[in-house]
Amino acid sequence: MTDHISMAGHLLTWLDVERLLKKYTALWTRFPQCIVGVDCFADGMEIRHTPGSAHDVDAWLDKVFGRAYRRDPRAIQLRIGNTAYPMDLLEEQGANLPTVGQTYPLWRDVTYLPTDRGDGETPPGEPQTLGAPESRMPARFNGGPELVSFHSFKGGVGRTTTLMTYVAACLRDTGPDVRKILVVDADLEAPGISFWLDDSNRPTVSFVQFLEALHYPPDGVDASLDFFADELRKTSLSLGGLQRELFVLPAALDLAEIQDMPVTPEHLARNPDNPWQLSDHLHALGKRLGADAVFIDLRAGLSELASPILFDPRIDHFFVSTVARQSVLGMAEVLRRLYTSNHQLSGDWKKTDRPTVVLSLLTKELREAGHYENALKVLGSSYPVEDPLTPSVQWLDAEFLSPLMSIGSVREALENLPQSQRLYASATEWAQALYSQPDQEVSVAVDGQTSTSSRQESAKKLHEVCKVAEFADSSQTSPILATEPLLNLGKHFANDLPNVLMIGAKGAGKTFTFRQIVQACSWQAFLGRLGFDSSKTTDAAILPMLWSDNLQDTPDGEIKKAQGHALDLVNGDKTKLLNGTDLRKRLAKALKTPPRSLG
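In this report, we go over the structure that sits alongside the text. (Residues numbered from 1 in each chain as written. Predicted model: local features only at pLDDT ≥ 70, side-chain atom pairs only at ≥ 80, totals over all residues. Heavy atoms only, no water.)

**A few points about the pattern of salt bridges**
Under the defined criterion, the tally for this structure stands at 27 salt bridges. For Asp-280, the salt bridge goes to Arg-314, with nearest N and O atoms at 2.8 Å. Here the residue Asp-280 occupies a position in helix α10 (residues 277-289), and Arg-314 occupies one in the loop between α11 (307-310) and β13 (316-321), the gap between them amounting to 34 residues. The network of salt bridges with shared partners includes Arg-159, Asp-187, Glu-189, Asp-297 and Arg-299. (Salt bridge = Lys/Arg side-chain N within 4 Å of Asp/Glu carboxyl O. Helix = DSSP H or I, 4+ residues; strand = E, 2+ residues; numbered from the N terminus.)

Next up, the structure:
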């Protein structure tokens, strides 16, 4: 009764009264037989009870509130100014059991959920159990990307760098398979990854806008999801062509956006038909992008900005904490509430739920001082399991490395985070499991022979491409190197025709790129050479109008071939095409004697 007496002695406002009742009725699910329902308001409380049971109600209130409860007149004494919080007893004829409401994946609901661990207190007064509040189970994902969240109780413990270490492991350049990752900066109070984006890879949409467009979809949910997928494709970060692609949805486009948020994750989680829709939408967005995994960087602490994702059992949860006392105790509370939430799940869900805890910023001194072992003990006891042979939590370590404390860009993170060898090794194992396929044979290099041979072959092919493309005005047709600027051109204009001015110093590749576009004869074919899926790009004919003097304009050359292809599409007269010499003469004449203005 210690906790009960302590709470009853600290009733300052009517909200404290309501909290105490929520706690001892396990969120309105455990009442004595005489109680039908309770409603708390700012100006008083109403208790609905069965006929002739007013005395039993008084007895129950005595046990719940102790000396703070007064019978005549009925009221709860608040400590500030000895104010009386009045209550009315309403007798209901033929009253049935109260309806058990639905709980939502939010801290304010989960904190009152009952458990069978024996660490809670049975409500006084021989309660009747109405059953756990209805908690609608989420529908399992049917294919698509893995959803992975990273959370911490305190900021500054390495949560974002831990997430990016796993991203780096997923995108490492091994094998010819395509790998795509979506990162969502869902920290709507102190964004992190959002500040790592450079101008060429900064999206025109944000997570704040994502929430708003799905809570109030202008043209339906699918249209909103399609729009965000299209916008993110334009600014993805390409690592080695389109084989390795990273999409980032920033928390906000600027900090003013998060200072005025009409819609937050809690609004989506309050949907009684589907409180899990935020996860569903992120999964659908990742699926549209062809992502293999969606990594979500959550807000730290006990925040409702994070809870709708945090309490979703379909998501692989990583929790990051240092061994400092305040971080450990806070994370222990997070794990206890997660256990309580997951304890309401069916057996199938429980079997697959196993959080991962990363103890970060570790040094040799911290390990030897006993802080490390204490953290393992406290956090491990916060998420118990029925089978003592099965670990309740998966433990990972991340050592302290000063070079990783000043990362300033996504590329810098991907390049430097593998230095955290212990954590990167764990991340690599996770990535291998993500990309492994059943019955897939894995080729293992012996003494580095396989990898060396592969690198030599790649270097040979690169040399051949560069040799052919050594001179832009070469008559030979050469493969194109899918550089990041060209890929960004394709991403921005996959579905819209480009209106682009290409500039650069001599030798930068302007003429070479022009020839590649002309030789393709169509915009779709050019994007196909860069590696884009032609079924997802807009097509249009290429009609060269002006070209470098270094390019030969022969009747069977690339210029006339592209012009002829465009004219064939509109049934144009090819005999009226000018050659390069005639075109330059007409331009020179027009510049000397410009036509008179028609105005």
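More follows now that the structure is in view.
**Structural notes on the sheet that holds strand β4 (residues 69-71)**
Two modes of strand pairing occur in sheets, parallel and antiparallel, and in both the strands are linked by backbone hydrogen bonds. One open sheet holds the five strands; their spatial order is β2-β3-β6-β5-β4, and the pairing between them is mixed. This sheet does not close on itself; its edge strands, each paired only once, are β2 (35-41) and β4. Across the sheet, the mean angle from the axis of one strand to that of its neighbour is 25°, orientation sign disregarded. Where strand β3 (residues 44-49) meets strand β6 (residues 84-91), five bridges bridge the pair, whose relative direction is parallel. Paired with His-49 across the bridge in β6 is Glu-91. Strand contacts of helix α2 (residues 14-24): β2, β3, β5 (74-77) and β6, with the helix running at about 150° to β2, the strand carrying the most contacts. (Pairing = 2+ DSSP bridges. Axes fitted to C-alpha atoms, helices over the stretch in contact; angles between N-to-C directions. Contact = heavy atoms within 4.5 Å.)

**Quick look at a nonpolar patch on the surface**
Residues Leu-543, Met-545, Leu-546 and Leu-587 make up a contiguous nonpolar surface patch of about 400 Å² in total accessible area. Relative to the assigned elements, Leu-546 resides in the loop between α21 (523-530) and α22 (558-569). By relative accessible area, which is 56% here, Leu-546 ends up exposed. (Patch = residues over 30% accessible without salt bridge, like charges linked within 9 Å, V, L, I, M, F, W, Y side chains within 5 Å. Areas by Shrake-Rupley, 256 points an atom, 1.4 Å probe, with all protein chains shown as cover. Buried < 20%, exposed > 50% of the residue type's maximum accessible area, 1.4 Å probe, protein only.)

**Considering the environment of Leu-20**
Within the secondary structure, Leu-20 is located in helix α2. The spacing of Leu-20 and Tyr-112 is 92 residues in sequence and 9.9 Å in space, taken between C-alpha atoms.

**Describing the side chain of Ser-341**
Relative to the helices and strands, Ser-341 is located in helix α12 (residues 325-343). Among the residues examined, Ser-341 registers a relative accessible area of 11% and is labelled buried. Those residues in contact with Ser-341, other than ones at most four positions away along the chain, are Val-110, Leu-113 and Phe-311.

**Some words on the sheet that holds strand β12 (residues 293-298)**
Taken in spatial order, the eight strands of this open sheet run β10-β11-β9-β12-β8-β13-β14-β15, and their pairing is mixed. The open sheet is flanked by β10 (237-238) and β15 (394-399), the only strands paired with a single partner. Relative to strand β11 (residues 244-249), strand β9 (residues 179-186) runs parallel, the two sharing six bridges. Residue pairing for β11: Arg-179 is matched across the bridge by Arg-244. This element, helix α5 (residues 159-170), spans β8 (146-151), β9, β11, β12, β13, β14 (356-362) and β15 of the sheet and lies at about 170° to β12. Here α12 sits on the sheet in contact with β8, β13 and β14, set at roughly 160° to β13.

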